[in-house]
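# Survey of secondary and tertiary structure
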Amino acid sequence: MSHETTGTTIIEEHLTVKLNIIRKIEKQMQEQWTASKVFEADVPDHSTNNYNTFFVTFPYPYMNGRLHLGHAFSLSKCEFAVGYQRLRGKHCLFPFGFHCTGMSIRAAADKLKGEIEDLGFPPQFQMHADEEVEEKKVVILNEDESSAIDNKSKSKKSKAAANSDGKQYQWEIMRSLGIEDDNEIRRFTDPQYWISYFPLHIKRDLEMMGLKVDWRRSFITTDANPFYDSFVRWQFHRLKEGGKIQFGKRYTIYSPKDNQPCMDHDRSSGEGVEPQGYTLIKLRIHDDHIPAILKTHVTSSTNGVYLAAATLRPETMYGQTNCWLHPDILYVAFETRLHGILICTRRAAQNMVYQEFTHIYGQYTILAEFLGSELFGLPLYAPLSYYETVYVLPMMTIKEDKGTGVVTSVPSDSPDDYAALMDIKNKPNLREKYHIKESMVLPYDPVEIIELEPDGRLAAPTICNQMKIHSQNDRDKLLEAKEKIYTKSFYDGILLVGKYANTKVSDAKKTCKVISRSNDECVVALVDQ
Ligand code: ANZ
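Because the structure is a prediction, the values reported are computed rather than measured.

By definition, the strands of a sheet pair up through backbone hydrogen bonds, in either a parallel or an antiparallel sense. As summarised here, the arrangement of the nine strands in space is E13-E11-E12-E9-E8-E14-E15-E10-E16, forming an open sheet in which the pairing is mixed. Pairing within the sheet leaves two strands with one partner each, and these edge strands are strand E13 (366-371) and strand E16 (407-409). For this sheet, the mean inter-axis angle between neighbouring strands, taken without regard to orientation, is 35°. Pairing analysis gives six bridges linking strand E8 (residues 279-285) to strand E9 (residues 305-311), with the strands arranged antiparallel. The partner of Ile281 across the bridge, within E9, is Ala309. The strands touched by helix H11 (residues 346-353) are E8, strand E11 (330-335), strand E12 (341-345) and E13; relative to E12, the strand with the most contacts, the crossing angle is about 125°. Contacting strand E10 (322-325), strand E15 (390-394) and E16, helix H12 (residues 415-426) crosses the sheet at an angle of about 90° to E10.

Moving on, we get to unusual backbone geometry. The linkage connecting Phe121 with the following residue, Pro122, adopts the cis geometry, with an omega of -10°. Turning to its location among the elements, Pro122 is positioned in the loop between helix H3 (104-119) and helix H4 (129-144). Looking along the chain, the bond that leaves Glu453 and enters Pro454 is cis, with omega of 0°. With respect to the element layout, Pro454 can be found in the loop between strand E17 (450-451) and helix H14 (459-466). In this structure, Lys37 is a non-glycine residue whose phi angle is positive, near 50°. Structurally, Lys37 is set in the loop between helix H1 (2-35) and strand E1 (53-55).

A word on the packing of aromatic side chains. Geometrically, a pair of aromatic rings is defined through the distance of the ring centres and the angle of the planes. On inspection of all chains with the given rule, the structure shows 28 aromatic pairs. Aromatic pair Phe96 and Phe98: ring centres 5.4 Å apart, planes at 55°, arrangement tilted. Of the two residues, Phe96 and Phe98, both sit in the buried class. Ring centres of Trp194 and Phe198 lie 5.7 Å apart, and the angle between their planes is 45°; on these two criteria the pair is classed as tilted.

Attention shifts here to the sheet that holds strand E5 (residues 249-255). Read from one edge of the open sheet, three strands run E6-E5-E20, paired in antiparallel fashion. Of all strands in the sheet, those bounded by a partner on one side alone are strand E6 (260-261) and strand E20 (523-528). With six bridges joining them, E5 and E20 adopt antiparallel strand pairing. Looking at E20, one finds that Tyr254 is bridged to Val523.

We now examine the nonpolar core. With 50 residues, the main nonpolar core has Leu283, Leu294, Leu307, Ile343, Leu380 and Ile436 as its most contacted residues. It is E15 that contributes the most residues to this core, four residues altogether. What Leu380 contacts, discounting residues up to four positions off in sequence, is Leu283, Arg284, Ile285, His286, Leu307, Cys323, Glu388, Thr389, Val390 and Val392.

The next thing to look at is the environment of Ile195. Mapping Ile195 onto the fold places it in helix H8 (residues 191-209). When sequence neighbours within four positions are dropped, the list of residues in contact with Ile195 reads Cys100, Ile220 and Thr222.

The immediate surroundings of the ligand are formed by 17 residues, with Thr311, Leu312, Lys399, Lys402 and Tyr486 found nearest. Interatomic distance of 2.9 Å between a backbone N/O atom of Lys402 and a nitrogen atom of the ligand. Contact with the protein chains removes 86% of the 640 Å² of surface that the ligand exposes when unbound. Secondary structure elements with two or more residues in the shell around the ligand: E9, E16 and helix H15 (475-492). Here the residues of the shell around the ligand are counted per class, giving seven nonpolar, five polar and five charged.

Here is what the cut-offs are and how they apply
Residue positions within a chain follow its written sequence, with the count starting from 1. Note on the predicted model: pLDDT of at least 70 is required for a residue's local features to be given, and 80 or more for side-chain atom pairs to be given and counted; whole-chain, interface and lining totals, by contrast, use all residues. Side-chain metrics in this entry use all non-hydrogen atoms of the structure; hydrogen atoms and water are not considered. Strands are treated as partners if at least two bridges between them are detected by DSSP. Note on conventions: DSSP H or I runs of at least 4 residues are helices, E runs of at least 2 residues are strands, and numbering of each starts at the N terminus. For every element, the axis is a line fit to its C-alpha atoms; helices are fit only across the contacting stretch, and the angle between N-to-C directions ranges from 0 to 180 degrees. Contacts are residue-level and defined by heavy atoms, with any inter-residue pair within 4.5 Å sufficient. In this scheme Phe, Tyr and Trp rings, the latter by its six-membered ring, pair at centre separations within 6.5 Å, and the angle between planes marks the pair as stacked below 30 degrees, edge-to-face above 60, and tilted otherwise. Classification of residues uses two cut-offs on accessible area relative to the type maximum, computed with a 1.4 Å probe and protein chains only: under 20% is buried, over 50% is exposed, and between them is partly exposed. In these notes, a set of buried Ala, Val, Leu, Ile, Met, Phe, Trp, Tyr and Cys residues joined through side-chain atoms within 4.5 Å is what counts as a nonpolar core. Throughout, the term near means that a residue has one or more heavy atoms lying within 4 Å of the molecule or strand in question. Polar contacts here mean pairs of N or O atoms no more than 3.5 Å apart (in protein, one a potential hydrogen donor and the other a potential acceptor; neighbouring residues in sequence count only if both atoms are side-chain atoms). Note on areas: these come from Shrake-Rupley sampling with a 1.4 Å probe, and a residue is covered only by the protein chains present in the view. In the scheme used here, Gly and all other residues not listed as nonpolar or charged are polar, with Ala, Val, Leu, Ile, Met, Phe, Trp, Tyr, Cys and Pro taken as nonpolar and Asp, Glu, Lys and Arg as charged.

Here you go:
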């Protein structure tokens with residue numbers, strides 16, 4: 001045993017000796033390169049027609065941490081290329097930028113601030129139940145293993161790993177970046193500190209790697225660097241002059257709190273989410289039935305009061321039989337610029353005010369609030385519908401965070417709508433509970449609007465009967481039914497009514513939840529590009 005140990009030590013020392021020598025040489029060479037400024041490339045003298053140049057660039061890494069092995073791997077390609085071309089006698093330039101633009105740094109700085117507010121300074125992290133289990137596991141392992149020091153550090157790590165959302169504390173992330181001193185970590189509550197800290201440290205790391213960079217030509221982005229800032233502005237002006245770019249608006253995921261678009265890397269959840277476009281169907285409340293609380297806001301210039309339903313199937317509007325609201329969801333009424341007074345969920349209204357629905361971008365006044373149940377039984381005009389008047393009825397499966405929370409009902413082609421309509425038709429108790437008269441429900445049957453082989457002209461009722469769906473609560477079956485007929489209806493369905501009668505549905509057819517890193521619920525906004 002002692003023999004083996006001695007043998008290992010000798011080999012290790014031998015290895016270290018070699019390594020130390022190589023490291024020494026590396027350092028000497030790097031000092032020599034710096035002293036003789038070999039990587040500083042000046043503008044070549046073009047009067048001599050010396051175009052024997054080579055330029056390499058690396059996409060600026062983002063300055064919210066130290067570089068990792070993936071960066072080193074990608075950098076090695078630039079590094080080898082520029083080294084090789086230099087050996088071939090080319091005049092080589094390798095500049096290096098540090099990317100600081102965007103909300104990630106600001107969001108991480110704010111998280112540190114929040115952690116101090118919640119947990120004091122230095123933050124006292126609490127262990128969670130499952131982390132305790134984790135720690136116990138580590139303790140058991142410790143008993144069997146000889147390298148106790150190593151495991152101690154492991155147990156410490158698992159102890160303070162996560163906050164109540166299961167996410168790592170920003171403080172811990174800073175420690176994992178090698179910043180151990182709590183006072184030093186506190187400095188990162190200032191976003192500017194990130195911009196001074198990481199570029200400096202990363203530059204040192206890259207110098208140690210021996211990167212052949214002209215460090216005179218290194219820079220940070222953002223307006224902390226007026227030169228770079230004006231360079232970017234210059235580029236945009238040139239592109240605009242050349243007619244290559246246009247100033248316009250686009251639907252974008254937007255954070256009202258941060259007052260700017262919330263792109264993927266700015267989000268703490270909801271990466272990859274794109275705006276979902278819906279068609280809004282305005283179902284006008286009969287003027288003589290406008291709720292009393294709204295009447296005071298209706299003037300001669302008000303262009304009607306509407307329930308704003310969101311649909312993905314505008315081509316089915318001929319078959320509307322009623323409008324669904326959830327009894328317990330809170331709906332708001334707000335005045336729009338061009339569309340009268342609209343009623344929908346607050347979340348949907350919030351989205352619309354960022355899409356130029358109101359006079360002042362991002363601002364609106366809530367004229368009244370209603371629970372869905374307070375609006376049941378209101379008579380509506382549903383555009384294009386076969387029925388002149390349709391009524392507001394209850395649907396229990398409406399989701400508050402989808403569309404506008406107002407759903408227009410097409411029982412001929414939507415299994416959900418058919419199941420809910422059958423519920424209210426077949427259950428007098430349900431009607432009674434919400435004061436809904438028979439006349440608002442019983443005369444309303446599904447309308448034939450799309451022909452779909454082999455399900456015939458009423459695909460949703462057919463599939464619901466086939467699958468023995470008895471109520472809107474048969475959720476799994478309803479999901480399956482929807483999957484079965486939606487795609488088929490889109491590709492194979494033929495419209496039977498209206499302007500596009502006899503055309504395929506696919507030919508006739510021409511708001512989402514994201515949380516930004518600042519913990520704001522985002523909206524879809526129409527914003528300047
Ligand atoms: C009319 C219609 C006709 C619809 C039709 C579907 C089929 P997916 O595809 O699941 O996203 N909807 C809208 N908002 C809703 C909410 N807050 N809760 C529950 N359902 C809601 O479904 C989009 C459809 O779900 C929308 O299109 C709307 O019903 C309903 F043959 O409008 B549809």
